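Summary of structural features
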Amino acid sequence: YKLSVSPEMDIMEYCRKEWRGNTPAAKRMRKGYEAVAQKFASIRRIRGDNYCAFRATLFQALSQATQLPTWLQSEDFTMLPENLLSKYDWIKQWQLRQKPGKRMGEISDEIKEYLILLRKKWKNISEIKGPLEKQEACDKLFKNEEEEYSLYEALKFLMLNTAIELYNADKSGRRVPVFSWLLFARDTSNNPCQLMQNHLNHIGHSGGLEQVEMFLLAYALQYTIQVYRLYKYSTDEFITLYPNDPEEDWPVVTLITEDDRHYNIPVRMCQETML
């Protein structure tokens, strides 16, 4: 049994344990961690199983949620699977993590359940006032493997929906963010159908999120994802924002990565930073 989100640990203690050597890479990592430690006191390790970008982002979003996002409140939110299926037959090739090989025609109801679960958990956790109780509720949720992975299926489906919206907007001549062009400029994802077959269906199985998909996740959640990319320390990519021109009213979650593949989370903002 592996913990999805490990208990918190002092950031610099963690860094000393992980990066002992005197190689240029180890020195850069230590500098990076020192910079993060100016803002955050602790780190929590995220279980690495190709879902870590989802896990880190969702954990951070829920642990600071004080209200249900507008997009989660809409009436037709849970109708998404059937609405999309009625327009795009190829969505039947969606792969469910727990049920590989099951046809989408049969799993539209299950995805609907996952979306309902996402709304319910977000609502319940955002209504908890005390920070300790909120943290406990998040810890409990991320110890329930079945619920946790159901939430990731919901996130993946929201990413597909966002990708379809952006693709259609671009095709009809409306302005779209730059990352959307990059997303569909890849040989493996010229359109939303290829994106699903070659990327979204594989997240959690054989790969995690690529950089351009971090933008898509941010857009789907309407959150700014701020990432300390430690191996980029002392370059202007050290702190990267997804998207890089965020909407002002989007909440911000902060993650840490050493390699753009695995993500951990910094916790406990230092007092001076909060002031």
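By the naming in an unreviewed UniProt entry, the chain is OTUL thioesterase, taken from Catharus fuscescens. Turning to the chain, the UniProt record has this under Subcellular location (unreviewed entry): "Cytoplasm".

**Description of the sheet that holds strand β3 (residues 224-229)**
One open sheet accounts for six strands, arranged β1-β2-β6-β5-β3-β4; its pairing is mixed. On the outer flanks of this sheet lie β1 (9-10) and β4 (239-242), each paired with one strand and no other. Here six bridges tie β3 to strand β5 (residues 252-257), and the two strands are oriented parallel to one another. Within β5, the residue paired with R229 across the bridge is T257. Along the sheet face, helix α2 (residues 24-37) touches β2 (40-44), β3, β5 and β6 (263-269) and points at about 120 degrees away from the line of β2.

**Considerations on the side chain of Q60**
Relative to the helices and strands, Q60 resides in helix α3 (residues 52-63). Here the side chain of Q60 touches P266 through a polar contact of 3.2 Å, landing on its backbone oxygen. With residues near it in sequence (within four places) discarded, Q60 still touches V253, T254, L255, I265, P266 and V267.

**Observations regarding the pairing of β6**
Moving residue by residue along a regular strand, the side chains alternate between the two faces of the sheet. Summarising burial for β6: five of the seven residues are buried, a large majority. Judged from the four bridges that link them, β2 and β6 form a sheet pairing that is antiparallel. Across the sheet, the residue bridging to R44 is I265, located in β6. Between β5 and β6, which pair antiparallel in sequence order, lie five residues; one of them, D260, sits at a positive phi of approximately 65 degrees.

Rules behind the numbers
- Residues numbered from 1 in each chain as written.
- Predicted model: local features only at pLDDT ≥ 70, side-chain atom pairs only at ≥ 80, totals over all residues.
- Heavy atoms only, no water.
- UniProt positions renumbered as here; feature names shortened; annotations may be inferred.
- Pairing = 2+ DSSP bridges.
- Helix = DSSP H or I, 4+ residues; strand = E, 2+ residues; numbered from the N terminus.
- Contact = heavy atoms within 4.5 Å.
- Axes fitted to C-alpha atoms, helices over the stretch in contact; angles between N-to-C directions.
- Polar contact = N/O pair within 3.5 Å; in protein donor to acceptor, adjacent residues only side chain to side chain.
- Buried < 20%, exposed > 50% of the residue type's maximum accessible area, 1.4 Å probe, protein only.

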